[in-house]
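One-letter residues, chain by chain:
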Amino acid sequence: MTAASAQELTPNFWDARERLPKPEITDVTRLRFLTTVDFPPFNFLDEAGRLSGFHVDLARAICAELGLGEECQIQALPWTDLPMALEAGEGEALLAGIAITRENRDRFAFSRPYLQLPARFVARRDTTLAEPMFRATAGRRIGVREGSAHERILRDLFPQAKVVVYSRADWMFDDLREGKTDAVFDDGMRLSFWLAGTDSETCCRFAGGPYLLPGYLGTGMAIAVRPQDEKLVDAFDYALREIDAKGIFTELYLRYFPISFF
């Protein structure tokens, strides 16, 4: 993949003209990132039992950008224990994809989002579905998971599509592969891993562009800290901006998401 094509396929949530001041963090004596182990490719144990994944490498990149070495630690806990562990002071930052909801904003301070999960269409390779998708999907059978945010998006923004709902994702994918539907509409990351896996039998491709819809899908993934540690937010925003500008974020993204969902 060339640098140009990688740039086209990878997310960029920063204004290239923006420069953030480097924060003063000399008083930070310990920075413990809390994460989990059971959300691959973000967090998982590798074959040697070592904590690995996109979030783990992102935490290390943040520490390097802030000039923190031994002060930085990464600790994995069960997902349900993470918010309470952060509130109890068992760590200084939560890097695990916690949702930026109104309730969570009352409990934590958040960095700027470092990643969003767009909605995408996937269609068979022999179809001609392309933008503008609101026209291309008119009268087409589009599979979607029942009761999902993606079903709401499909019904609201693509009203002429023939919506086919599924209670199980594997049934939805089977019907697409077998040509019983024209496309599916779902989480882009989930779709990228299905496309890369053997179950797809290389039948299909992304169609149309990514849909970033905060009103339906939220504002993305961000780092959470306790309100009393809000000064860390500026440090994380600075580090994330620099990581992006230096191409480190793109490198990590393509390492863990070889078929880009953008």
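Residues numbered from 1 in each chain as written. Predicted model: local features only at pLDDT ≥ 70, side-chain atom pairs only at ≥ 80, totals over all residues. Heavy atoms only, no water.

Undergrad: Which parts of the structure should I look at to understand the layout of surface pockets?
TA: Over the atoms, a rolled probe matching the size of one water molecule traces out where space is still vacant. Within this model, the largest pocket holds a volume of roughly 460 Å³. What lines the largest pocket is a set of 22 residues, among which Leu-117, Asp-187, Leu-217, Gly-220 and Met-221 lie closest to the centre. For the lining of the largest pocket, the per-class residue count stands at 12 nonpolar, 7 polar and 3 charged. (1 Å grid on protein atoms, 1.4 Å probe; cavity = no way out; pocket = protein on both sides within 12 Å on 5 of 7 lines; lining within 4 Å. Points joined across faces, edges and corners; volume = space filled by probe spheres on them. Nonpolar A, V, L, I, M, F, W, Y, C, P; charged D, E, K, R; others polar.)

Undergrad: What should I look at first to understand helix α6 (residues 149-157) in this one?
TA: Taken together, the buried positions of α6 are Ala-149, His-150, Glu-151, Ile-153 and Leu-154. Against β7 (119-124), β8 (141-145), β9 (162-166), β10 (183-187) and α9 (214-217) lie the buried residues of α6. (Buried < 20%, exposed > 50% of the residue type's maximum accessible area, 1.4 Å probe, protein only. Helix = DSSP H or I, 4+ residues; strand = E, 2+ residues; numbered from the N terminus. Contact = heavy atoms within 4.5 Å.)

Undergrad: Would you explain the packing of aromatic side chains in this entry?
TA: Taken as a whole and assessed by the stated rule, the structure comprises 20 aromatic pairs. Centroid distance Phe-185 to Tyr-211: 6.2 Å. Interplanar angle 70 degrees. Geometry classified as edge-to-face. Of this pair, Phe-185 sits in strand β10 while Tyr-211 sits in strand β11 (residues 204-211), and the two are 26 residues apart along the sequence. By relative accessible area, which is 0% here, Phe-185 ends up buried. Residue Tyr-211 is classed as buried on the basis of its relative accessible area, which comes to 15%. (Phe/Tyr/Trp six-rings, centres within 6.5 Å; stacked < 30°, edge-to-face > 60°.)

Undergrad: Explanation requested: the pattern of salt bridges in the structure shown.
TA: Oppositely charged side chains can form a pair if their charged atoms are brought close together. A complete count under the given rule lists 17 salt bridges for this structure. Between Asp-57 and Arg-60 there is a salt bridge, with the nearest N and O atoms lying 3.4 Å from each other. A residue pair is termed a helical-turn pair when its members lie 3 or 4 positions apart in one helix, as Asp-57 and Arg-60 do in helix α2 (residues 54-65) at 3 residues. Between Lys-180 and Glu-178 there is a salt bridge, with its nearest N and O atoms 3.2 Å apart. Lys-180 gets classed as partly exposed once you look at its relative accessible area, which sits at 48%. Given the relative accessible area of 47%, Glu-178 is considered partly exposed. Three or more residues joined by partner-sharing salt bridges are found here, namely Asp-57, Arg-60, Glu-251 and Arg-255. (Salt bridge = Lys/Arg side-chain N within 4 Å of Asp/Glu carboxyl O.)

Undergrad: Teacher, can you tell me more about the nonpolar core here?
TA: Most often, soluble globular proteins have nonpolar side chains that are buried together. Ranked by internal contacts, the top residues of the largest apolar core, which has 54 residues, are Phe-33, Phe-54, Leu-58, Ile-62, Tyr-114, Leu-115 and Phe-236. Listed by contribution, the elements that provide at least two residues to this core are β1 (31-35), α2, β9, α7 (169-177), α8 (188-196), β11, α10 (231-245) and α11 (248-256). Counting residues per element, this core draws most heavily on α10, which supplies 8 residues. The contact partners of Phe-54, leaving out residues within four places of it in the chain, are Pro-41, Phe-42, Tyr-114, Leu-115, Phe-249, Leu-252, Tyr-253, Tyr-256 and Phe-257. Formed by 17 residues, the second largest nonpolar core is a distinct cluster that contains Ala-119, Ala-123, Ile-142 and Phe-185. (Core = buried A, V, L, I, M, F, W, Y, C linked by side-chain atoms within 4.5 Å.)

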